[in-house]
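# Inside the fold
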Amino acid sequence: MKAFLRLIPLTFLCAIIPVLKVAGQATLSGLITDSSGSPVPYATVYIQEIQHGTTANAMGKYEIRLDPGTYTVFYQSLGYNQDFRQVSISSTPVVRDVSLTIQYFQIPEVTVSSGREDPAYAIMRKAIARAPYYLNAVQHYKAMVYLKGTAIIDRMPRLLTNAIKVESDVSVKVGEKYLLESQNEIEFNAPDKYVHRLIAIQSSFPSESDQVSPMNFIQASFYEPVIAGLAVSPLAQNAFSHYRFSYEGASLQGQYVINKIRVIPKRKSQQVFEGTLYIIEDLWCIHSLDLVNENIVGKIRVRQLHTPVQDNFWIPVSHNFDVDFSMIGVKGRGTYASSVRYSEIVTGSSLPVIQGQPPAAVTNEIIEDTLPPSKTAIEIEKLLSKQELSNRDMVRLSKLLEKEAAASDTTADGKKDLEIKVSTEYIIEENAAGKSADYWENIRPIPLADDEIKSLMSTDSLRTTLKEVSPRRDTLTITVGAGRSPLRPAAGAALFGKTWRADSNRISFNFGGLAKLDNISFNSVDGLKYKIDLRLNKHWRKGTSFSLYPSAGYAFSRESLFWTLSSTYNYRTTNEGYLWVRAGDITADYSDYGRVNILINSFSSLFLKDNILRLYRSRYVAAGHRSEISNGIYLEVSTRLESRTVVGNSTDFSFFRRDIPYDVNIPVNELVDQSSHPAYMPADHSHLEVNGELTIIPFQRYRIRDGKKYPEGSDYPTFNVSFTQGYNRASAASSSSFSRLTISATRQKSTGPMAELYWKLRTGSNFTRDSIPFQDFIHFNSQPFPVLINNYRDAFFLPGWYARSTDKWFAEAHVKYTNPYLLLKCLPGISKTLMRENLHLRYLVTSQTRHYLETGYSISEIFLLGELGIFAGFEDFSFKSAGVRLVLNLN
């Protein structure tokens, strides 16, 4: 049932308003219609004096409780002229029916000539350039929100209906309306600190549990480049790459001129919107919008109305969402509406005041900015003084506004504050799920329709339970249903695993399960392998913890037990600091970098009679210590003692080609050859190594949560320096040593909405005069199998698994550029998907293989988890090979 309800995009639900005083209040109600007498559904009703916006229901009816007094009430809906009334409220109910007239947009006379630009582009340049200002201007608000959501299932396969009945003991009825309503208080402090207080909730949704969080939508703004991670905003810096704009006229609303702009996608895609934007002349901010996005779930229509709540500062006061969802045979409709009442609003960022825009701070008292303007602010003012902005001016202004906003994120001594002081605190009031019908009648600002009332009446026995929410979670878990929590059967725990907790959850024991897919594998050295794993965790009140991970299994063809034991002691939480010890007796891959996936190797062995892995027996013990010396600077030191034993194939079993033996268990590399390089042939020996690794992440951002530090990345590359000193001894007369130094730099950067650039540079060398074992070669991430599991951004897809490994020096580079539209996505049909396109460039040079170059093109997010590409390899810049790769990202 959870999976079904997740089809409804509840992340678009917003909820923000304090509890309305009931005593002494009277209702203002009425019907909102058009000039023909037909109801205007979901029209906005805004009370200017108390900054309260509410929404009429689907039948145009509205109702709101007000304290005695005189109010200015604005009535508005997209496509209609605004109407306002002066209303006096006493102790008796007041009824005000309103008829809205159609809003006509006049297109001024212009001289039309070939090549003349549509006036919409000049308007949108100004709006896009100022988007960062409006995105960062709100410093604080406190508001209450009433949220009402409804859903109707129009079609559902009987098989799914029966499955829900069995799992949840709930019958889902086709054609019946389900209702969810809640009263919430939201407090926001810039940059992104929220306190969400759930005051009341009731629901007739037929689910045992669901996760509803208004935070994703509250934080999402159409001034952001991407809306809720879903689609590119028409106000993004690169909006002209995704949209065409058409000017549809202007209309006078009081002292404001409202421009109507048609938003037209350049291509059909799930990553864009289509519809109408209304932009205010001179302020160049959003007045309202009516936009539609069609995605994998269905069609989502978003309607917002912004209002000047204080001193001309416009923010959203009503949100409406219409959802038509269709997936896996389930078809239905959902509608969500919110009523917002702001009690506190403070605006004012470090951004300069833009001519014709609200002052730098808006509250009961004006906060004056006495600091001299920065160079960036002066350049911003220079651009703003232009009558017309070019595309280049627009991008430059937008970036300068972002830069000026970022400059405000500094400490008192002028240093950049790297701590992201973000915490979303959830507070659930006592008896939030047990409010009476009288309570809802008194606070509900959006009247219920008859079928919604029926939905609640049919679930009188419904009991809503609220689970306590950990501060670490970003969603609020709401359990709706009979309150039953069936225990997992013992057979299910044995097959699929289970975690047991004790001592107030400070001790936990986990059994991985007998049917865990990773526990079963096959290779020609071990034959069939099967293991089980356990986990024991102990946490102390000061934040320290100890973990113990044992696993054990049996290799049936090799007729041998294998085991591992790993333990970690975290002694420091604010900055990373832990000790670890590991030991085991296993068969290990000769390559320690970019290892072959065991599922891929099992498939290749059993179906293709090709055992990819080359294994040796490893009996080892290792210990290490890792700590954060300073913010973003990590040091790890470790040592490892290992006994390495050469092993051969123990089975020739496979489903096909049984008459052909497996290749010998020796890595395929030109240096591993008995005739030409006998010293490099695998042999039994003991190994000792000491490692030191330094990782530097300049200006690393981080969060502190529950006294623990959580890294949040950096705008700069990550640098890594690793040094290893190794010793090998095969006999009293045969030993070798080596010193290895590797250096790398890695960076992943967003280059626009849903576009990113990843690059990695890595170089290093083994400093030795001796012949070292193949295990101590420098290895690379080669993955030539046609189908791969999980993401390989720094892999070579065409060379053999061990073919490029070297005993001396190397240098490699990887570049991957991702963009929603490069080539194929511009075509009809495929353009409507969520897939993205990727360009790949990889380079490798080693002491024995010169100048290998690999290029490729791929489409990712195929069905949200696949990436399919074609790649070509060049040796010394001459074509060598080509291939197709399918990567399944199952993480």
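Residues numbered from 1 in each chain as written. Predicted model: local features only at pLDDT ≥ 70, side-chain atom pairs only at ≥ 80, totals over all residues. Heavy atoms only, no water.

## Here's the deal with the overall build of the protein chain
Along the backbone of the protein chain there are 11 helices and 45 strands. Split into buried and exposed, the 891 residues of the protein chain put 50% on the buried side. Within the protein chain, residue pairs in contact and separated by at least 24 positions form 62% of the contacts whose partners lie at least 6 positions apart. A total accessible area of about 41800 Å² is found for the protein chain, and carbon and sulfur atoms account for 55% of it. (Helix = DSSP H or I, 4+ residues; strand = E, 2+ residues; numbered from the N terminus. Buried < 20%, exposed > 50% of the residue type's maximum accessible area, 1.4 Å probe, protein only. Contact = heavy atoms within 4.5 Å. Areas by Shrake-Rupley, 256 points an atom, 1.4 Å probe, with all protein chains shown as cover.)

## Some remarks on the environment of Leu305
Along the polypeptide, Leu305 turns up in strand β19 (residues 298–310). For the pair formed by Leu305 and His319, sequence separation is 14 residues and the distance between their alpha carbons is 7.0 Å. In this structure Leu305 touches Thr44, Gln76, His287, Ser288, Ile315, Pro316, Val317 and Ser318, once residues within four positions along its chain are discounted.

## A look at the packing of aromatic side chains
Summed over all chains, the structure comprises 31 aromatic pairs. Taken together, the ring pairs in this structure connect Phe522, Phe603, Phe607, Phe653, Phe655 and Phe656 into an aromatic cluster. One cation-aromatic arrangement involves Lys529 over Phe562; the distance from NZ or CZ to the ring centre is 4.6 Å. Between Lys609 and the ring centre of Tyr662, over which it is positioned, the NZ or CZ distance is 5.0 Å. (Phe/Tyr/Trp six-rings, centres within 6.5 Å; stacked < 30°, edge-to-face > 60°. Lys NZ or Arg CZ within 6 Å of the ring centre and 35° of its normal.)

## Some thoughts on the side chain of Lys609
With respect to the secondary-structure elements, Lys609 resides in the loop between α11 (598–608) and β32 (615–630). As a buried residue without a salt bridge, Lys609 has its nearest oppositely charged side chain in Asp652, at a separation of 4.8 Å. A polar contact is formed between the side chain of Lys609 and the backbone oxygen of Asp652, at a distance of 3.1 Å. Sequence-distant contacts of Lys609, that is, excluding residues within four places in its chain, are made with Ser604, Asp652, Ser654, Phe656, Arg657, Arg658, Ile660, Pro661 and Tyr662. (Lys, Arg positive; Asp, Glu negative; His and termini not counted. Salt bridge = Lys/Arg side-chain N within 4 Å of Asp/Glu carboxyl O. Polar contact = N/O pair within 3.5 Å; in protein donor to acceptor, adjacent residues only side chain to side chain.)

## Some details on the pairing of strand β4 (residues 61–66)
The side chains of a regular strand alternate, residue by residue, between the two faces of the sheet. Side chains of β4 alternate between two faces, with Tyr62, Ile64 and Leu66 buried and Lys61, Glu63 and Arg65 left unburied. Sheet topology note: the strand β1 (residues 26–34)/β4 ladder contains 6 bridges and is antiparallel. What sits directly across from Thr27, in β4, is Arg65. (Pairing = 2+ DSSP bridges.)

## Focus: the nonpolar core
Met124, Tyr141, Phe245 and Ile261 are the most contacted members of the largest nonpolar core, which has 75 residues in total. Those residues within four positions of Ile261 in sequence are excluded, and the remaining contacts are Ala120, Ile123, Met124, Phe245, Ser246, Tyr247, Gly275, Thr276, Leu277 and Ile279. Counting residues in hydrophobic clusters, the runner-up holds 34 residues, among them Val525, Phe780, Leu788 and Phe810. (Core = buried A, V, L, I, M, F, W, Y, C linked by side-chain atoms within 4.5 Å.)

## Describing the confidence of the model for the protein chain
Summary statistics for the protein chain give a mean pLDDT of 80 and a share of 79% for residues scoring 70 or more. Scored below 50 in pLDDT, residues 349–371 makes 55 contacts in the model with residues more than four places away or belonging to other chains. (pLDDT = per-residue confidence, 0-100.)

## Describing unusual backbone geometry
We note that Arg657 has phi near 55°; this positive angle belongs to a residue other than glycine. Structurally, Arg657 is set in the loop between β33 (633–646) and β34 (685–696). Residue class for Arg657 comes out partly exposed when judged on its relative accessible area of 46%. Non-glycine residue Asp876 carries a positive phi angle of around 50°.

## Let's talk about the environment of Ser203
Inspection of the secondary structure puts Ser203 in strand β11 (residues 193–203). The class for Ser203 is buried, based on a relative accessible area of 3%. For Ser203 and Ala433, which are 230 residues apart along the polypeptide, the C-alpha to C-alpha distance reads 9.1 Å. In terms of polar contacts, Ser203 uses its side chain to reach the backbone carbonyl oxygen of Leu179, at 3.4 Å.

## A word on the pattern of salt bridges
Evaluated as defined, the whole model comprises 28 salt bridges. Across the pair Arg125 and Glu117 runs a salt bridge, and its minimum N-O distance is 2.5 Å. Linking Glu875 and Lys880 is a salt bridge whose minimum nitrogen-to-oxygen distance equals 3.3 Å. Within this structure, Arg640, Glu642, Arg644 and Asp776 form a network of salt bridges that share partners.

## Quick word on helix α9 (residues 450–457)
Think of an α-helix as 3.6 residues a turn; residues three or four steps apart then line up on the same face. Residues of α9 that are buried: Glu452, Ser455 and Leu456. What you see down the axis of α9 is that its buried residues fit within an arc of 95°, all on one side. Turned more than 90 degrees off the buried face of α9, the exposed positions are Asp450, Lys454 and Met457. Buried-residue contacts for α9 involve β9 (138–155), β10 (177–189) and β11. (Arc of directions from axis to C-beta.)

## With respect to helix α2 (residues 119–136)
With 18 residues, α2 should reach 26 Å at 1.5 Å per residue; the first-to-last C-alpha distance of 27 Å fits that figure. Of all the bends in α2, the largest measures some 40° and sits at Arg130, one to four residues before the proline Pro132. Burial runs high along α2: 15 of the 18 residues are buried. The backbone nitrogen of Ala120 has a side-chain oxygen 2.8 Å away, supplied by the residue at the start of α2, namely Asp118. (Expected span 1.5 Å × (residues − 1). Bend = angle between axes of the 7 residues up to and from the residue.)

## Side note on the side chain of Gln304
Take Gln304: it is sitting in strand β19. Only 3.0 Å separates the side chain of Gln304 from the side chain of His306, close enough to count as a polar contact.

## Quick word on a nonpolar patch on the surface
The grouping of Phe603, Phe607, Leu608, Phe653, Phe655 and Phe656 at the surface amounts to a nonpolar patch, some 540 Å² of accessible area in total. Structurally, the position occupied by Leu608 is in helix α11. (Patch = residues over 30% accessible without salt bridge, like charges linked within 9 Å, V, L, I, M, F, W, Y side chains within 5 Å.)

## Focus on the environment of Gly79
Inspection of the secondary structure puts Gly79 in the loop between β5 (69–76) and β6 (83–89). Among the residues examined, Gly79 registers a relative accessible area of 27% and is labelled partly exposed. Taking the C-alpha atoms as reference points, Gly79 and Ile102, separated by 23 residues in sequence, lie 6.1 Å from one another.

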